[in-house]
Amino acid sequence: MAGRSSGGRHDLHLHTVRSDGRLEPEELLVRCARAGLDVIAMTDHDLASPLAAGEYVIHDHAIRLLGGAEVSGVHAGQEFHLLVYFPHDPPPTFRAFCATRCKERVRRYEAGRRALDLPGVPDPDTSARRGERALTRHHLARGLVEAGHATSVSEAFRRFTGDRHGNVPKVSLSLVEAIQVAKSAGGVTSWAHPPAAALRAHLGDLVDAGLDAIEALRPGMSTRERRETRALARRHGVFVTGGSDWHGWKDPELGLFAIDGADLEGFRTALAEAA
Ligand SMILES: [Zn+2]
Ligand SMILES: [Zn+2]
């Protein structure tokens, strides 16, 4: 197809309804194929990919689905996110680790609900309790809207579930441990949407812990930011990844943001080595 590079169009950061995204995994896959994406990863919060990794052909378009997840962890008192990728299905050890993380999410949701002490906010469902679905602040915020305590999810965040309110307990896992678990399961790790100051302060520590990459190609970043982040990655001997962090609530269409495979050389090499 005209304009398509040989490296393929990648989006390595997408969410489904299994965490705080809007679409079922199957529908997300179809929409990504229709949007002309060639390589994608479903990176739900603390949840290994809901669909089998591999190549799918949808409406005559071949699309490769990687194994993936986005794990929350704390470093120097701040919560950060770690993207984890596998060239194949995430191994059972990693799935079990994710299930444990999801069960902590249930406890945090319940603690948040108790702290708010407002009637009508729904119980965590069975699949969340089993560790097959990741509850997030978004779910608590939506529960508050459904129970009539706020008129929109953003209002619920602002009034009840945002960080400053302290209603939802902090994550207990350290980011360093998240990196170590992911690496020992054979995953490729990338620091998701790192804030610039945190990147400067902590990248060295996290690279020492085994971090492979920084998510440096994201929508809304300026050319200068990208250049600086790439330079920082090079200095620390790590590569870059990228993705839209698409959730489907207010995001633009899928495929408008895509990364040329030629810009992901380090990632593709690491992935091939992990195969
Ligand atoms: Zn994130
Ligand atoms: Zn995300």
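Criteria and thresholds
- Residues numbered from 1 in each chain as written.
- Chains lettered and ligands numbered in written order.
- Predicted model: local features only at pLDDT ≥ 70, side-chain atom pairs only at ≥ 80, totals over all residues.
- Heavy atoms only, no water.
- Donors = N, O, S within 2.8 Å, 3.2 Å for Na, K, Ca; no water.
- Tetrahedral: all angles 85-135°; square planar, octahedral: opposite > 155°, others 65-115°.
- Helix = DSSP H or I, 4+ residues; strand = E, 2+ residues; numbered from the N terminus.
- Core = buried A, V, L, I, M, F, W, Y, C linked by side-chain atoms within 4.5 Å.
- Buried < 20%, exposed > 50% of the residue type's maximum accessible area, 1.4 Å probe, protein only.
- Salt bridge = Lys/Arg side-chain N within 4 Å of Asp/Glu carboxyl O.
- Contact = heavy atoms within 4.5 Å.
- Phe/Tyr/Trp six-rings, centres within 6.5 Å; stacked < 30°, edge-to-face > 60°.
- Polar contact = N/O pair within 3.5 Å; in protein donor to acceptor, adjacent residues only side chain to side chain.
- Expected span 1.5 Å × (residues − 1).

Asks: Give a detailed account of the coordination of the zinc ion (ligand 2), specifying residues and quantitative values.
Replies: The coordination sphere of the zinc ion (ligand 2) contains the protein donors H13 (NE2), H15 (NE2), E70 (OE) and D245 (OD), at a distance range of 2.0 to 2.2 Å. Taken together, the four donor atoms coordinating the zinc ion (ligand 2) and their angles of 80 to 171 degrees define a geometry best described as irregular. Sequence spacing of the donor residues for the zinc ion (ligand 2), all on one chain, is H-x1-H-x54-E-x174-D. The two metals, the zinc ion (ligand 2) and the zinc ion (ligand 1), are separated by 3.4 Å and share E70 as a common coordinating residue. Here H15 is found in the loop between β1 (9–14) and α1 (25–34), whereas its partner E70 is found in strand β4 (residues 61–75), with 55 residues between them in sequence.

Asks: Any chance you could break down the nonpolar core for me, citing the residues and the numbers?
Replies: Counting residues in each nonpolar core, the largest one holds 47 residues, and the members touching the most others are Y85, F94, W191 and F267. Looking at this core, the element that brings in the most residues is strand β5 (residues 78–86), giving six residues. L23, L29, L65 and L254 belong to the second-largest nonpolar core, a separate cluster that totals 15 residues.

Asks: Which residues make up the coordination of the zinc ion (ligand 1), and what values go with them?
Replies: Bound to the zinc ion (ligand 1) are the protein donor atoms E70 (OE), H81 (ND1) and H193 (NE2), situated 2.0 to 2.2 Å from the metal. In primary-sequence terms, the residues that donate to the zinc ion (ligand 1) follow E-x10-H-x111-H.

Asks: Please set out unusual backbone geometry residue by residue, giving values where relevant.
Replies: With a phi close to 65 degrees, D60 is a non-glycine residue in the positive phi region. Inspection of the secondary structure puts D60 in the loop between β3 (54–58) and β4. Positive phi outside glycine occurs at H193, with the angle close to 25 degrees. Counting through the fold element by element, H193 comes out in the loop between β6 (188–192) and α7 (196–208). Residue classification places H193 among the partly exposed positions, given a relative accessible area of 29%.

Asks: Explain the pattern of salt bridges to me, using residue names and the numbers behind them.
Replies: Per the counting criterion, the structure on display carries 10 salt bridges. A salt bridge links E104 to R101, with the nearest nitrogen and oxygen atoms 3.1 Å apart. Highlighted residues: E104 and R101, both in helix α2 (residues 92–116), separated by three residues, approximately one helical turn. R101 shares its class with E104; the two are buried. Linking E132 and R130 is a salt bridge whose minimum nitrogen-to-oxygen distance equals 3.1 Å.

Asks: Which residues make up the side chain of H75, and what values do they have?
Replies: Relative to the elements of secondary structure, H75 occurs in strand β4. For H75, a relative accessible area of 13% gives the class buried. Once you skip the residues sitting within four places of it in the chain, H75 turns out to touch F80, L175, V176, H202, D205 and L206.

Asks: Report on the packing of aromatic side chains, specifying residues and quantitative values.
Replies: By the definition in use, this model includes five aromatic pairs. The structure contains a cluster of three or more aromatic residues connected by ring pairs, namely Y85, F239 and F267.

Asks: Give me the side chain of S244: which residues, what numbers.
Replies: Note on placement: S244 falls in the loop between β8 (239–242) and β9 (259–260). Within the structure, the side chain of S244 is placed 2.6 Å from the side chain of D11, a separation counted as a polar contact. For S244, the contacting residues outside a window of four places in its chain are D11, H13, L14, P219 and F257.

Asks: Explain α2 to me, using residue names and the numbers behind them.
Replies: Over its 25 residues, α2 extends 36 Å from the first C-alpha to the last, a length consistent with the 36 Å expected when each residue adds 1.5 Å. Taken from the residues just after α2, D117 is the one with a positive phi, measuring 50 degrees.

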